[in-house]
Amino acid sequence: DAKTTQPNSMESNEEEPVHLPCNHSTISGTDYIHWYRQLPSQGPEYVIHGLTSNVNNRMASLAIAEDRKSSTLILHRATLRDAAVYYCILRDRPHNYGQNFVFGPGTRLSVLP
Amino acid sequence: DTAVSQTPKYLVTQMGNDKSIKCEQNLGHDTMYWYKQDSKKFLKIMFSYNNKELIINETVPNRFSPKSPDKAHLNLHINSLELGDSAVYFCASSFSRETEAFFGQGTRLTVV
């Protein structure tokens, strides 16, 4: 059901930037791009979302391709606590509450000390 | 203060039993969800409730029934439990008009 594709796993060294890619070639004009992450033995937590423009928050940055068919989650300095499964998901415009978050398998990020 | 809380955290039960998992959110959200995460770690939407009305019901067996006594609660009832029901169940909530969903810590259900 997921409309996004991500690499199964990635590795990063501690304190280095991490770029997590996501392809969503069938994205519609009203789909928002969301990123969530799931730390071991915890529920998913929101990371960031965007529509067309690049977005920054305290956790990460989201770079969205001009054609919106791909995006990249950027962790500027990976820490050991960033080791998690990262999910890239699409959701229709916020006021369409009939749309739900459909999670794919995500990318398992390992951070090496 | 926990935003979305689920109880119990662990539940071990025998096949054929009926059990419930409770979920409460103190965020004032108007939409709540139940997800199932199986052994392969896929998160699958089961139900969502908006303003006490079921708005999406995925292809889930009718042994599973969500019940919402009020906007802050969405409980999951499971009848005639089967081995294949063993999984981690997550409750979540959000504002329908906003994009961020908050998830609970999960309930690990083991059917023996």
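Everything below is about the structure printed above this text.
So, here's what we can say about the structure.

Definitions and limits used
- Residues numbered from 1 in each chain as written.
- Chains lettered and ligands numbered in written order.
- Predicted model: local features only at pLDDT ≥ 70, side-chain atom pairs only at ≥ 80, totals over all residues.
- Heavy atoms only, no water.
- Disulfide = S-S within 2.5 Å.
- Helix = DSSP H or I, 4+ residues; strand = E, 2+ residues; numbered from the N terminus.
- Buried < 20%, exposed > 50% of the residue type's maximum accessible area, 1.4 Å probe, protein only.
- Salt bridge = Lys/Arg side-chain N within 4 Å of Asp/Glu carboxyl O.
- Phe/Tyr/Trp six-rings, centres within 6.5 Å; stacked < 30°, edge-to-face > 60°.
- Core = buried A, V, L, I, M, F, W, Y, C linked by side-chain atoms within 4.5 Å.
- Contact = heavy atoms within 4.5 Å.

## What to know about the state of the cysteines
Summed over all chains, the structure comprises two disulfides over all chains. The partner cysteine of Cys22 of chain A in its disulfide is Cys88 of chain A, sulfur to sulfur 2.1 Å. Between Cys22 of chain A and Cys88 of chain A, the disulfide has an S-S torsion of -80° and is therefore left-handed. On the criterion of sequence distance, the pair formed by Cys22 of chain A in strand β2 (residues 18-23) and Cys88 of chain A in strand β8 (residues 84-91) is long-range, its members being 66 residues apart. Residue classification places Cys88 of chain A among the buried residues on the basis of a relative accessible area of 0%. Disulfide pairing places Cys23 of chain B opposite Cys91 of chain B at an S-S distance of 1.8 Å. Between Cys23 of chain B and Cys91 of chain B, the disulfide has an S-S torsion of -75° and is therefore left-handed. Here Cys23 of chain B is found in strand β3 (residues 19-25), whereas its partner Cys91 of chain B is found in strand β9 (residues 87-94), with 68 residues between them in sequence.

## Topic: the pattern of salt bridges
Residues and elements named next belong to chain A. By the definition in use, this model includes six salt bridges over all chains. Residues Arg77 and Glu15 are paired through a salt bridge, measuring 3.3 Å at the closest nitrogen-oxygen approach. Here Glu15 lies in the loop between β1 (9-13) and β2 and Arg77 lies in the loop between β7 (70-75) and β8, a separation of 62 residues in the sequence. We note a salt bridge from Asp82 to Arg37, for which the minimum N-O separation is 2.9 Å. In this pair, Asp82 sits in the loop between β7 and β8 while Arg37 sits in strand β3 (residues 32-38), placing the two residues 45 residues apart along the sequence. Like Arg37, Asp82 is buried. One salt-bridge network, held together by shared partners, links Arg37, Glu45 and Asp82.

## Notes on the packing of aromatic side chains
Residue and element names in this part refer to chain A. Under the counting rule described, the total for this entry stands at nine aromatic pairs over all chains. Here Tyr87 and Phe103 contribute two aromatic rings whose centre-to-centre distance is 5.1 Å and whose plane-to-plane angle is 90°, an arrangement assigned as edge-to-face. Taken together, the positions of Tyr87 in strand β8 and Phe103 in the loop between β8 and β9 (107-112) put the pair 16 residues apart, joining distant regions of the chain. Here Tyr87 falls in the buried class, since its relative accessible area comes to 1%.

## Remarks on the nonpolar core
All names here are of chain A. Counting residues in each nonpolar core, the largest one holds 21 residues, and the members touching the most others are Leu20, Ile33, Trp35, Leu73, Leu75, Tyr86 and Leu109. Those elements giving two or more residues to this core turn out to be β2, β3, β4 (45-50), β6 (61-64), β7, β8 and β9. In terms of residue count, β8 provides more of this core than any other element does, four residues in total. Those residues within four positions of Leu75 in sequence are excluded, and the remaining contacts are Glu16, Pro17, Val18, Met59, Ala60, Asp82, Tyr86 and Leu109.

Everything listed here is a matter of geometry and, on its own, says nothing about what the molecule does.
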